[in-house]
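Breakdown of the fold
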Amino acid sequence: MRVAGIFKTFPLGKKGSVRALDAISFDMAQRELVAVVGPSGCGKSTLLRIIAGLETPDAGEVRIGADTPATLTARHRLGVAFQDHGLLPWLTVAGNIGLPYRLAGLPPDPARIAALAGMVGLSKFLEAVPRQLSGGMRQRVSLARSIALDPVLLLLDEPFGALDLVTRRTLNQELQSLWTDLGTTTLLITHSVEEAVQLADRVLVMAARPGRIHAEFRIDLPRPRDRALTNSLPFLNLVQAVSSSLDDASAASGEQTEPGA
Amino acid sequence: MIRQAPRGGAPLRAVGTLLFLAAWEAIGRTGLWGESFPALSTIGGVFVNDASRNLLLRALGRTAESASYGLALGAIAALLLASASSLWPRLRIGLDTLATGIYAIPTITFGPVFILVAGPEATPIVLSALSAYFPIFVALDSGLRFAPAAQRDLAAVLGASRARAFGRVDFPAALPAFVDGLRLAAPGAVLGAVLGEWFGAPRGLGVVIISSLQNVRIPQLWAAALLCVTCSLLAYVLLSALHRQAHRRYAW
Ligand SMILES: Nc1ncnc2c1ncn2[C@@H]1O[C@H](COP(=O)(O)OP(=O)(O)OP(=O)(O)O)[C@@H](O)[C@H]1O
Ligand SMILES: [Mg+2]
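The structure displayed is predicted, hence computed values, not measured ones. (Residues numbered from 1 in each chain as written. Chains lettered and ligands numbered in written order. Predicted model: local features only at pLDDT ≥ 70, side-chain atom pairs only at ≥ 80, totals over all residues. Heavy atoms only, no water.)

1. Concerning the environment of A118 of chain B
Residues and elements named next belong to chain B. Structurally, A118 is set in helix α5 (residues 107-118). Each C-alpha atom, one on A118 and one on T100, is 22 Å from the other, the two residues being 18 residues apart in sequence. Filtering out sequence-adjacent residues up to four positions away, A118 remains in contact with T123 and V126. (Helix = DSSP H or I, 4+ residues; strand = E, 2+ residues; numbered from the N terminus. Contact = heavy atoms within 4.5 Å.)

Shown next as structure tokens:
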């Protein structure tokens, strides 16, 4: 996947504007998991929405292989999960995981849905409705749903952002083999540096106003990255390095708004 | 979220109701507001007489029937209008204007026209539907338009056609709003039916009201009016229960 020279400015009030993204360019290899961290408001969600085709950039383009976001969407091969899980309260877990089939006009495959529920540890809850699930379980359903149609590109915007630290760690421990086994090219937005270093092959650090890429870290740690590894010195050093880069990025971030357009 | 009425309010509510009824009785007995304001017991007396009770209850049945048909027809019309403007956004402004324009027609002036066109039997249903469809349309339309953003985005990213997004996501999510519209429309549907009966229907509470007026049967007039109110309240309470159900199932 290639993101080339993305610019995006949002109008703000009568005259002002926010330069949400300024010349964002990066490539992702196939099967690569790239994490993006950055101060709040640096344009992470905007970047993800542009890659998903939900927002159009002022300039620049997004290519996923030979596809644009629009053509990938039309082929039903883009997967997303957001911080707000967006589950449909009237559907069961099975119904929610199978929703992409319904929306794409494909017949849902019960065996595949059961397998997906198994992957996220929800085999026993296929007939439960979201109201009966905990926050962490809802997020698991949302993740299973995001990979239901075997996406070419998976976009995750703080999927665990609303969860407490312990639940989040457990989910990351449990689900990391899911990402590696799946081998789907994945862009993960997170505000947890540990999470980024634990899961990603590469971490991009963004700075705000204008939103830009401040630094890039390659994470060459072995997998699986279990408890032993996340307590090891190389891991902690990387976390330290990314964290201080993130502090630099925050310091280098501009004022909230710019007058004039 | 739906909040329950606060607990422990029952005694207060009972006292309030009793005070209201007592005041009514007192004003009627003393003749404070004149003869056209009878005491509650006088109005209740109408129901003791077999003949007038039967007359009123049969009229009530007829009006309730017309109002139910009217509410159902209004709901269908609202469903068609709101669905069409959700499925074909280009039609939205036109359909909005049409829905508002028709609702703004003063039915009083066109009552006689409806009698000629639809006939005296169907006029109560037509006027009831005309009063009912608009609140339902407005409620359903905003339910469809303001579906949760996360659900919208999901449908867009998955490449769902407009029709599939409507059927699988937008419409079910708008069901509580639709039932809310029904609940708002119910009293209007009853009033519409009564108004339609005024214009020359053979039976119904509206007819009883007209004939009581002409024959100066004040207590019977009040009894008919109270039955109208009761009918509306009952529909409102039932539809509120349905709304709670729909909300529990289709919303967070
Ligand atoms: N639809 C919009 N209209 C106007 N401004 C917007 C819109 N979306 C985002 N912005 C602005 O663009 C900037 C980047 O927002 P974005 O949501 O992408 O940040 P973020 O990095 O995801 O922040 P967070 O970490 O808090 O989620 C912000 O200054 C925000 O005010
Ligand atoms: Mg964000």
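Let us keep going from here.
2. Considering the pattern of salt bridges
Residues and elements named next belong to chain B. This model, assessed by the stated rule, comprises 19 salt bridges over all chains. Residues R62 and E121 are paired through a salt bridge, measuring 2.6 Å at the closest nitrogen-oxygen approach. Separated by 59 residues along the polypeptide, R62 in helix α3 (residues 50-87) and E121 in the loop between α5 and α6 (123-145) bring together distant segments of the chain. Exposure remark for E121: the relative accessible area of 42% places this residue in the partly exposed category. Here D170 makes a salt bridge to R162, at a shortest N to O gap of 3.1 Å. Under the relative-accessibility criterion, D170 is labelled buried at 3%. Under the relative-accessibility criterion, R162 is labelled partly exposed at 31%. The network of salt bridges with shared partners includes R92, D96, D141 and R145. (Salt bridge = Lys/Arg side-chain N within 4 Å of Asp/Glu carboxyl O. Buried < 20%, exposed > 50% of the residue type's maximum accessible area, 1.4 Å probe, protein only.)

3. Some words on the sheet that holds strand β4 (residues 59-63) of chain A
Residue and element names in this part refer to chain A. An order of β2-β1-β4 is seen for the three strands of this open sheet, with the pairing classed as antiparallel. In this open sheet, the two edge strands, each paired with only one partner strand, are β2 (16-27) and β4. Pairwise comparison of adjacent strand axes, ignoring direction, gives a mean angle of 25 degrees for this sheet. When strand β1 (residues 2-12) meets β2, the two strands line up antiparallel, connected through eight bridges. Looking at the pairing, F10 lines up with V18 of β2. Against the sheet, helix α1 (residues 44-51) makes contact with β1, β2 and β4, and its axis sits at roughly 60 degrees relative to β2, the strand it touches most. (Pairing = 2+ DSSP bridges. Axes fitted to C-alpha atoms, helices over the stretch in contact; angles between N-to-C directions.)

4. A few points about empty space enclosed by the protein
Taken as a whole and judged by the stated rule, the model has three cavities of 30 Å³ or more. Roughly 80 Å³ of volume is contained in the largest cavity. Looking at the lining of the largest cavity, the elements that each hand over two or more residues are β5 (78-81) and α6 (135-146) of chain A together with α7 (149-157) of chain B. Here the lining of the largest cavity takes three residues from β5 of chain A, the largest share from any one element. (1 Å grid on protein atoms, 1.4 Å probe; cavity = no way out; pocket = protein on both sides within 12 Å on 5 of 7 lines; lining within 4 Å. Points joined across faces, edges and corners; volume = space filled by probe spheres on them.)

5. Points about the site of ligand 1
All names here are of chain A. Residues in contact with ligand 1, as listed here, are F10, V18, A20, S40, G41, C42, G43, K44, S45, T46 and E158. Here G43 contributes a backbone N or O atom positioned 3.0 Å from an oxygen atom of ligand 1. One of the side-chain N or O atoms of K44 is found 2.7 Å from an oxygen atom in ligand 1. Of all the secondary structure elements, the ones that give two or more residues to the shell around ligand 1 are β2 and α1. No other element matches α1, which puts three residues into the shell around ligand 1. Class assignment of the residues belonging to the shell around ligand 1 gives a composition of four nonpolar, five polar and two charged. (Near = heavy atom within 4 Å. Polar contact = N/O pair within 3.5 Å; in protein donor to acceptor, adjacent residues only side chain to side chain. Nonpolar A, V, L, I, M, F, W, Y, C, P; charged D, E, K, R; others polar.)

6. Section: the domain arrangement of chain A
Residue and element names in this part refer to chain A. In terms of domain boundaries, chain A breaks down into domain 1 (2-77 + 152-251) and domain 2 (86-150). Just the C-alpha atoms count here: the centres of domain 1 and domain 2 sit 24 Å apart. For the pair domain 1 and domain 2, the summed buried area comes to about 1,200 Å², and 70% of that belongs to carbon and sulfur atoms. Linking domain 1 to domain 2 there are zero salt bridges. Taken together, the links from domain 1 to domain 2 amount to three residue pairs in polar contact (both at pLDDT 80 or more). Taken together, the elements giving at least two residues each to the side of domain 1 that touches domain 2 come down to β6 (153-157) and α7 (165-182). With seven residues, the top contributor of residues to the side of domain 1 that touches domain 2 is α7. Taken together, the residues of the side of domain 1 that touches domain 2 sort by class into 11 nonpolar, two polar and two charged. (Domains from an automatic or database assignment. Buried area = accessible area lost by both parts, 1.4 Å probe.)

7. As for the confidence of the model for chain B
Counting all residues, the mean pLDDT for chain B is 91, and 97% of those residues have values of 70 or more. Here the predicted complex scores 0.86 on pTM and 0.85 on ipTM. (pLDDT = per-residue confidence, 0-100.)

8. With respect to the side chain of S86 of chain B
Residues and elements named next belong to chain B. Within the element layout of this structure, S86 appears in helix α3. Exposure remark for S86: the relative accessible area of 6% places this residue in the buried category. When near neighbours in sequence (up to four residues on either side) are disregarded, S86 contacts R92, L144, R162 and F166.

9. Considerations on the environment of I189 of chain A
Of note, I189 of chain A is situated in strand β7 (residues 185-189). Distance in space between the C-alpha atoms of I189 of chain A and L88 of chain A is 23 Å, their sequence separation being 101 residues.

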